[in-house]
Amino acid sequence: MGLLSDPVRRRALARLVLRLNAPLCALSYAAGVAWFLALAFPPLTQRTYMSENAMGSTMVEEQFAGGERARGWARDFAAHRRKAGALPAAWLERAMRSVGLEVYTQSFSRKLPFPDEAHERYMVSGTNVYGILRAPRAASTESLVLTVPCGSDATNSQAVGLLLALAAHFRGQIYWAKDIIFLVTEQDLLGTEAWLEAYHDVNVTGMQSSPLQGRAGAIQAAVALELSTDVVTSLDVAVEGLNGQLPNLDLLNLFQTFCQKGGLLCTLQGKLQPQDWTSVDGPLQGLQTLLLMVLQQASGRPHGPHGLFLRYRVEALTIRGINSFRQYKYDLVAVGKALEGVFRKLNHLLERLHQSFFFYLLPALSRFVSIGLYMPAVGFLLLVLGLKALELWMQLHEAGVGPEEAGGGPESSPPLQPAQSVGLASLVAPLLISQAMGLALYILPVLGQHVATQHFPVAEAEAVVLTLLAIYAAGLALPHSTQRVVSARAPDRGWMALKLVAIIYLALQLACIALTNFSLGFLLAVTMVPAAALTKPYGPRPLYATLLVLTSPAATLLGSLFLWRELQEAPLSLAEGWQLFLVAVAQGVLEHHTYGAMLFPLLALGLYPCWLLFWNVLFWK
């Protein structure tokens, strides 16, 4: 306390902070990036292990042998689907009843906020069919779900055939202590969301659906199955859910264990896991998988039907049969045995999965990085904002301490006047106008789509995207707008106060985002922190302006798309990247209004107004 109360010592501390601030910021930023890149290397990456005692052993004898029966059902389903042009609900009802299930249907409809050109739909309607296998050894208090999504672009007939064959096999067993729900949904994720809302008796997305006539117990876990190819060479596991949620790590470990037991090739992000972690090649391959997971999780999209189950505290995975590695080929019996083993072990659970990790990163299926090891990366990046905020606070409150006196160069910043106060009026206008721009960015594109289509020759989806980009670009005129409001007698140090507010605002947002979705928080921090720290209204303004534009939220999204396709070994040209960016923007807005994805409102209402504050600091007069 004496250090802060003594004016001489406080001034000496201010000189020290101002002198060492720049190198400390650079060192902290480099440490954050280096820490993240080191996550794929031992000892930061650890071997996965089973935490739940009830699932610690795979000593169950899988008896599924209905491969030919599954293929026959798959052929019949595909024929009836082609004939009906939609999900053959009546045929599915008969097939499920023939294996002894309680069968129910649910109809649903949803008018999208604007046409979904990626899937060519606007007024969406469909029917979900589900059958319940009642547990013979317990009351209907708990249940498991095996679901198969059927979209308009893929029949997924092999998965439907395997679902029916597994239902017939499970029906003949007497050891089930939990109900098992076999669910076939139409319209991809929309059908899954409609069924989940009706099952839990909530309506969070405005879906119109009929009430469910039959229910089982509380859902403990779910597995979504997608087999869109007749030849399965590997099983790819998707874990990223809505808004970056992840399932309990034990569920992933359980599936991987049964894949190893049955000799199935299991991949993550479509990539084989490294075998040798002692050399550099293994961790480098793991780093690519880790980056792919970070990009997928940061998008906030549900990368499969399992992503919607996670919202309701149901641990779930999506398993996709892919055809990429030609040297491996598996039939439906092998896949069915792996699923049978997973469900038999989940049947042993006495409580929900809770002992393993819910926050983690995966460089491979056999390796993981826990939250305690990856959070320092974003912590180092946020430390840069803390150091810059401390520097600005010292400059604002230490009268007469300029960079020359503090040991800085003569070109660092102009000397401060000792008796100069900061007027609040110079801060209110930029704050209010930037937040108003963010609110307009969030509301006007969807609200004004019909007005845009009446005056311009564009479709509704194009009108939404173009309006959003126009409002986003109009925010660049914010400094010229605020200069009309701010008094000409605004103090010279007003930009420092504004930048201090903007840095604190940005740090709070990034910290909150990183706690719930580390991937999104890290990507935004690694791009926005350097520009936030360097921006000032003097010096090489064109360089600072270029840096601000390149690290804006929109530019971060565009760069992430190029990086994502590069890691998938399918690089994009500039034209292809721009088209993919427009599609991603439209899908982000649509998924927010359809499923409740939070990326669009976070960027529009939080980070975009904050970025505009730094843009206003750059052009402060």
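Residues numbered from 1 in each chain as written. Predicted model: local features only at pLDDT ≥ 70, side-chain atom pairs only at ≥ 80, totals over all residues. Heavy atoms only, no water.

Here is the rule we go by: UniProt positions are given in the numbering used here, feature names are shortened, and annotations may be inferred rather than shown by experiment.
Taking an unreviewed UniProt entry as the reference, the protein is identified by name as GPI-anchor transamidase component GPAA1 belonging to Canis lupus dingo. In UniProt, the protein has this text filed under Subunit (unreviewed entry): "Heteropentamer. Part of the GPI-anchor transamidase complex, consisting of PIGK, PIGT, PIGS, PIGU and GAA1. Interacts with PIGK." UniProt's Subcellular location (unreviewed entry) comment on the protein is quoted here verbatim: "Endoplasmic reticulum membrane".

## A look at the overall build of the protein
The cut-off we apply is this: By definition, any uninterrupted DSSP run of H or I lasting at least four residues is a helix, any uninterrupted run of E lasting at least two residues is a strand, and each is numbered from the N terminus. As a reference, a globule follows 2.2 Å times the number of residues to the power 0.38, and the radius of gyration itself is taken over C-alpha atoms. With a 1.4 Å probe rolled over the protein chains alone, any residue whose accessible area is under 20% of its type maximum counts as buried; one over 50% counts as exposed, and the rest are partly exposed. What makes two residues a contact is simply this: any of their non-hydrogen atoms within 4.5 Å.
Check the secondary structure of the protein and you find 22 helices and 12 strands. Since a compact globule built from 621 residues should have a radius of gyration of about 25 Å, the 28 Å found for the protein is in line with a globular shape. For the protein, the spread of C-alpha atoms along the three principal axes comes to 85 × 60 × 45 Å. Each of the 621 residues in the protein was classed as buried or not, and the buried ones make up 55%. Sequence-distant contacts, at least 24 apart, represent 81% of the contacts inside the protein between residues at least 6 apart.

## As for the environment of Leu-44
Within the secondary structure layout, Leu-44 lies in the loop between helix H2 (7-37) and strand S1 (46-47). Assessed through its relative accessible area of 16%, Leu-44 is described here as buried. Here the alpha-carbon distance between Leu-44 and Val-369, two residues 325 residues apart in the chain, equals 6.6 Å.

## A few points about the environment of Tyr-29
By the secondary structure assignment, Tyr-29 is in helix H2. Note: C-alpha distance between Tyr-29 and Phe-108 (79 residues apart in sequence) is 50 Å. With near-sequence residues (within four places) excluded, Tyr-29 lies in contact with Leu-381, Val-384, Val-526, Val-529 and Pro-530.

## With respect to a nonpolar patch on the surface
Note the cut-off: A patch consists of residues whose relative accessible area exceeds 30% and which take part in no salt bridge; residues with like charges are grouped when within 9 Å of each other, and nonpolar side chains (Val, Leu, Ile, Met, Phe, Trp, Tyr) when within 5 Å. In short, Shrake-Rupley with a 1.4 Å probe defines the accessible areas, and a residue's cover is counted only from the protein chains shown. Just to be clear on terms, a salt bridge is a Lys or Arg side-chain nitrogen sitting within 4 Å of an Asp or Glu carboxyl oxygen.
Among the surface-exposed residues, Leu-439, Ile-443, Leu-444, Leu-447 and Leu-605 lie close enough to one another that they form a single nonpolar patch of about 440 Å² accessible area. The greatest single-element share of the nonpolar patch, amounting to four residues, is contributed by helix H13 (residues 425-447). For Leu-439, the location among the structural elements is in helix H13. With a relative accessible area of 45%, Leu-439 lands in the partly exposed category.

## Re the sheet that holds S1
For the record, the criterion: Here, strands pair whenever DSSP counts at least two bridges between them.
Spatial strand order, S1-S12-S11: three strands in an open sheet with antiparallel pairing. If you trace the sheet from one side to the other, it starts and ends with S1 and strand S11 (360-364), each paired once.

## Here we look at the pairing of strand S5 (residues 179-186)
The element S5 is largely enclosed, with a buried count of eight among its eight residues. Alternating residues of S5 divide into Asp-179, Ile-181, Leu-183 and Thr-185 and Ile-180, Phe-182, Val-184 and Glu-186, and every residue in both groups is buried. The pairing of strand S3 (residues 121-133) with S5 spans five bridges and is classified as antiparallel. Counted as the bridge partner of Tyr-130 is Leu-183 from S5. Across eight bridges, strand S4 (residues 142-150) lies against S5 in parallel orientation. Counterpart to Leu-144 in the pairing with S5 is Ile-180.

## Topic: the UniProt feature "transmembrane region" (unreviewed entry) in the protein
The UniProt record annotates "transmembrane region" (unreviewed entry) at residues 20-41, 357-385, 422-443, 463-479, 500-523, 543-564, 571-590 and 596-619. Taken end to end, residues 357-385 is 52% helix and 31% strand, and its two terminal C-alpha atoms sit 29 Å from one another. Measuring from the first to the last C-alpha atom of residues 571-590 gives 26 Å, for a span that is 85% helix and 0% strand.

## Observations regarding the pairing of strand S12 (residues 367-370)
Covered by surrounding structure in S12 are Arg-367 and Val-369 together with Phe-368 and Ser-370, the residues of both alternating faces. One ladder, built from two bridges, connects S1 with S12; its direction is antiparallel. By the bridge assignment for S12, Gln-46 is matched with Phe-368. Sheet topology note: the S11/S12 ladder contains three bridges and is antiparallel. Looking at the pairing, Tyr-360 lines up with Ser-370 of S12. Counting the residues between successive antiparallel strands, the hairpin from S11 to S12 contains two residues.

## Quick look at the pattern of salt bridges
One pass over the structure, following the stated rule, counts 12 salt bridges. The residue Glu-315 makes a salt bridge to Arg-313 at a minimum N-O spacing of 2.6 Å. Salt-bridge contacts for Glu-391 lead to Lys-388; the nearest nitrogen and oxygen are separated by 2.7 Å. With Glu-391 and Lys-388 both in helix H11 (residues 371-397) and three residues apart, this pair spans about one turn of that helix. Residue Glu-391 is classed as buried on the basis of its relative accessible area of 12%. Here the salt bridges share partners, and the residues they tie into one network are Glu-102, Arg-134 and Asp-179.

## Comments concerning unusual backbone geometry
Cis geometry marks the peptide bond from Pro-42 to Pro-43, where omega comes out at 10°. Positive phi, normally seen in glycine, also occurs at Gln-269, with a value near 60°. Mapped onto the elements, Gln-269 comes out in the loop between strand S9 (266-268) and helix H8 (281-298).

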